[in-house]
Amino acid sequence: MTESTPGPVEDREIPADAPITLLPVLALLLLGLMWGYNWVVMKAVLVDVSAAWFAALRTVLPALLLIAILPLAGKRFRPPPLFYALPIGLFQTAGFVGFMMWALEAGGGAGETAVIVFTMPLWLTLMAHFALHERITPVQLLAIAVAIPGLVLLISPWETSLALAAVGLALASGIGWALGAIWQKRYYHRYQPDLLNLTAWQMLYGGLLLAGIALWVEPFAFDPTPNFFWALIYNVLLAGALGWLLWVYSLHHLPTWVAGFGVLLVPGIGVLSAWLVLGEAPGPVKQVGIGLILSALLIITLYQRRQRHHARRLAAR
């Protein structure tokens, strides 16, 4: 997995200086728009269904659809080793999606929650230092130093209207996502999984855990409004199955640093969509905070590009 992206590790390396063609770039832009706007869709559907049940639905149903597509895509149907895929499903699907939906339900704004969740690469950098023995470089420290005041300004703890529970849940979502990435990076070379196969099965494992939690918390109930069915279709077909197919296609045809730039669109589109559709206009202080966090993510992405390019130059000697 690239540190700034939400999916499993890529199963094919594309050289950093490989030609960048139009169709994969358009696929990546479409993906950023779909995943970014989905923050508005997820926030709006919570008037019709609980966060726990929608989290379960939006992971189990796309996972089943992706599993059904595997043979048609020429991929292996057999699931990856449980030791590898189950923890990824626990952290990267159940933790990431579950805490994210609960943050929105607890009063978190769609755009602000998106930005806080997407601080994940910063937590991943810190975790990798201890878990994977990847030394934190001055550039990474700079990104963290830029992001911390941005996070403080975005949260604005001096505001009495702040939903502290929502902030904590959004941070837990990003940390869960980072834990899943650590597990993937640690054991990837042992199993060499196919990306689409791993995505589908780990989503199913995590989604089943979310469904179990939802059953334990409350009976299944929803308000059968057009808004609910639109959100379900959007998350299952567009942001879910189609989104992951676009992601796999982009990773197979673009250098990973380009994919990292594309995913930076997601929190930006989330903020803009929440502003235009939900009227969640961040004040000047929060705008500065959002800008600092996105700048930190940009620094991380540029640094990853340079590191990958440098590693390949050394390998070619």
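Going by the structure above, here's the rest.
Residues numbered from 1 in each chain as written. Predicted model: local features only at pLDDT ≥ 70, side-chain atom pairs only at ≥ 80, totals over all residues. Heavy atoms only, no water.

Trainee: Can you break down the pattern of salt bridges residue by residue, with the values?
Mentor: Counted by the stated rule, this structure contains three salt bridges. One salt bridge connects K286 with E112, and the closest N-O pair in it is separated by 3.3 Å. Placement of the pair is K286 in helix α12 (residues 284–316) and E112 in helix α4 (residues 110–117), with a sequence separation of 174 residues. Taking the shortest distance from any N to any O, the salt bridge between K185 and E134 comes out at 3.9 Å. Remark: E134 occurs in the loop between α5 (120–131) and α6 (138–155) and K185 occurs in helix α7 (residues 164–191); sequence separation between them is 51 residues. For E134, a relative accessible area of 35% translates into the label partly exposed. (Salt bridge = Lys/Arg side-chain N within 4 Å of Asp/Glu carboxyl O. Helix = DSSP H or I, 4+ residues; strand = E, 2+ residues; numbered from the N terminus. Buried < 20%, exposed > 50% of the residue type's maximum accessible area, 1.4 Å probe, protein only.)

Trainee: With reference to specific residues and values, describe a nonpolar patch on the surface.
Mentor: A cluster of nonpolar side chains, namely F220, F222, F229, I233 and L237, defines an oily patch on the protein surface of about 450 Å² accessible area. Within the fold, F220 resides in the loop between α8 (195–217) and α9 (226–253). (Patch = residues over 30% accessible without salt bridge, like charges linked within 9 Å, V, L, I, M, F, W, Y side chains within 5 Å. Areas by Shrake-Rupley, 256 points an atom, 1.4 Å probe, with all protein chains shown as cover.)

Trainee: Before we move on, can you summarise the packing of aromatic side chains with the specific residues and values?
Mentor: In total, this model carries 18 aromatic pairs according to the counting rule given. Relative to W177, the ring of F118 has its centre 5.1 Å away and its plane inclined at 80°; by these criteria the two rings are edge-to-face. Here W177 lies in helix α7 and F118 lies in the loop between α4 and α5, a separation of 59 residues in the sequence. With a relative accessible area of 0%, W177 lands in the buried category. Ring-pair connections join several aromatic residues into one group, and the members of that group are W53, F220, F222, F228 and F229. (Phe/Tyr/Trp six-rings, centres within 6.5 Å; stacked < 30°, edge-to-face > 60°.)

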